[in-house]
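Fold and contact review
As a plain string of letters, each chain reads:
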Amino acid sequence: MSRIGKLPISVPTDVNVTLDGTVLTFVKGATTQTLDTLGNCGVVLEDNTLTFSTNSDQRADRAFWGTYRALAANIVTGLTTGFEKKLEINGVGYRASVEGAILKLQLGFSHDINFDIPTGIAIAVEKNVISIKGADKQQVGQVAAVIRSFRPPEPYKGKGVKYTDETILRKAGKTSKK
């Protein structure tokens, strides 16, 4: 029995939700997000409350039940408060700046890295911290992972791009024989 799937989702009044067959459409202002359950679970919308149910007691249907409920809850959270990831740049000469719709990164390579900021994502740079904000949880996490992959932190000095809440396991360097 899914503990997540049992919980109802209360939809705020400023978010408009419509149910068309198996497709849920969430609208707030100019932002629209859709969730297609593909008939893998039952959805009921009444009085600004979304309730999910299983189609059968099979293992796959129970898994879809909790998954689609979590995806719908993430869409509602994204439209109301949004999601944010923060990356920290450590290293001598490592810098980041936003110029228009391009994130310029200087990470110790011979050339700068120009990362095109996707639509729906807002990136801000303050000193050595990159803030990534957006309404889609998956997209925010993916953009953060791509930026981190340009120069992952190394274990000896901790240089590179890391999440602010990430801890780097440090290794001891070589010791000299005396």
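I will try to describe carefully the structure that is included in this document. (Residues numbered from 1 in each chain as written. Predicted model: local features only at pLDDT ≥ 70, side-chain atom pairs only at ≥ 80, totals over all residues. Heavy atoms only, no water.)

Before going further, it helps to spend a moment on the layout of surface pockets. Space inside the largest pocket adds up to approximately 180 Å³. Contributing to the lining of the largest pocket are Gln33, Thr34, Leu35, Leu71, Asn74, Ile75, Ala135, Asp136, Lys137 and Gln138. Breaking the lining of the largest pocket down by element, the ones donating at least two residues are β4 (31-36), α2 (59-80) and α3 (137-149). Here the lining of the largest pocket is composed, by residue class, of four nonpolar, four polar and two charged. (1 Å grid on protein atoms, 1.4 Å probe; cavity = no way out; pocket = protein on both sides within 12 Å on 5 of 7 lines; lining within 4 Å. Points joined across faces, edges and corners; volume = space filled by probe spheres on them. Helix = DSSP H or I, 4+ residues; strand = E, 2+ residues; numbered from the N terminus. Nonpolar A, V, L, I, M, F, W, Y, C, P; charged D, E, K, R; others polar.)

Working definition: two side chains of opposite charge can pair if their charged atoms are close together. Applying the stated criterion across every chain yields a total of four salt bridges. Residue glutamate 88 is joined to lysine 162 by a salt bridge in which the shortest nitrogen-to-oxygen separation is 3.8 Å. Here glutamate 88 is found in strand β7 (residues 83-90), whereas its partner lysine 162 is found in strand β13 (residues 160-163), with 74 residues between them in sequence. With relative accessibility at 11%, the residue lysine 162 sits in the buried group. (Salt bridge = Lys/Arg side-chain N within 4 Å of Asp/Glu carboxyl O. Buried < 20%, exposed > 50% of the residue type's maximum accessible area, 1.4 Å probe, protein only.)

Looking now at unusual backbone geometry. Positive phi values are uncommon outside glycine, yet leucine 38 reaches one of about 55°. With respect to the helices and strands, the residue leucine 38 is situated in the loop between β4 and β5 (41-46). The class for leucine 38 is exposed, based on a relative accessible area of 58%. The phi angle at lysine 127 is positive, at roughly 55°, despite the residue not being glycine. With respect to the helices and strands, lysine 127 occurs in the loop between β11 (121-126) and β12 (129-134).

Bringing the side chain of aspartate 61 into the picture now. Locating aspartate 61 in the fold gives a position in helix α2. One buried charge, aspartate 61, has no salt-bridge partner; the nearest side chain with opposite charge is arginine 62, at 9.0 Å. Leave out the neighbours within four places in its chain, and aspartate 61 touches Asn40, Thr54, Asn55 and Ser56. (Lys, Arg positive; Asp, Glu negative; His and termini not counted. Contact = heavy atoms within 4.5 Å.)

The next subject is the nonpolar core. Within the largest apolar cluster, 21 residues are counted, with the highest numbers of intra-cluster contacts made by Leu105, Ile123, Ile130, Ile132 and Ile147. Elements supplying a minimum of two residues to this core: β7, β9 (102-106), β10 (113-116), β11, β12, α3 and β13. Broken down by element, this core gets its largest block of residues, four residues, from α3. For leucine 105, the contacting residues outside a window of four places in its chain are Ile89, Arg95, Ala96, Asp112, Ile113, Ile130, Ile147 and Phe150. Counting 18 residues, the second largest nonpolar core, distinct from the first, contains Val11, Val15, Phe52 and Val76. (Core = buried A, V, L, I, M, F, W, Y, C linked by side-chain atoms within 4.5 Å.)

Turning our attention to the side chain of asparagine 40. Within the secondary structure, asparagine 40 sits in the loop between β4 and β5. The residues contacting asparagine 40, other than those within four sequence positions of it, are Asn55, Asp61, Phe64 and Tyr68.

Glancing now at the sheet that holds β13. Read from one edge to the other, the open sheet built from four strands follows the order β11-β12-β7-β13, with strand pairing classed as antiparallel. What marks the edges here is a single partner per strand, and that holds for β11 and β13. This sheet shows a mean twist of 25° between the axes of neighbouring strands, independent of strand direction. Bridge count for β11 against β12 is six bridges, and the pairing is antiparallel. Of the residues in β12, the one forming a bridge with valine 125 is isoleucine 130. (Pairing = 2+ DSSP bridges. Axes fitted to C-alpha atoms, helices over the stretch in contact; angles between N-to-C directions.)

On to the environment of phenylalanine 83. Secondary-structure assignment places phenylalanine 83 in strand β7. Its relative accessible area of 17% is what places phenylalanine 83 among the buried residues. Spatially, the C-alpha atom of phenylalanine 83 lies 8.2 Å from that of isoleucine 132, the residues being 49 residues apart in sequence.

By themselves, these observations are geometric and do not establish any function.
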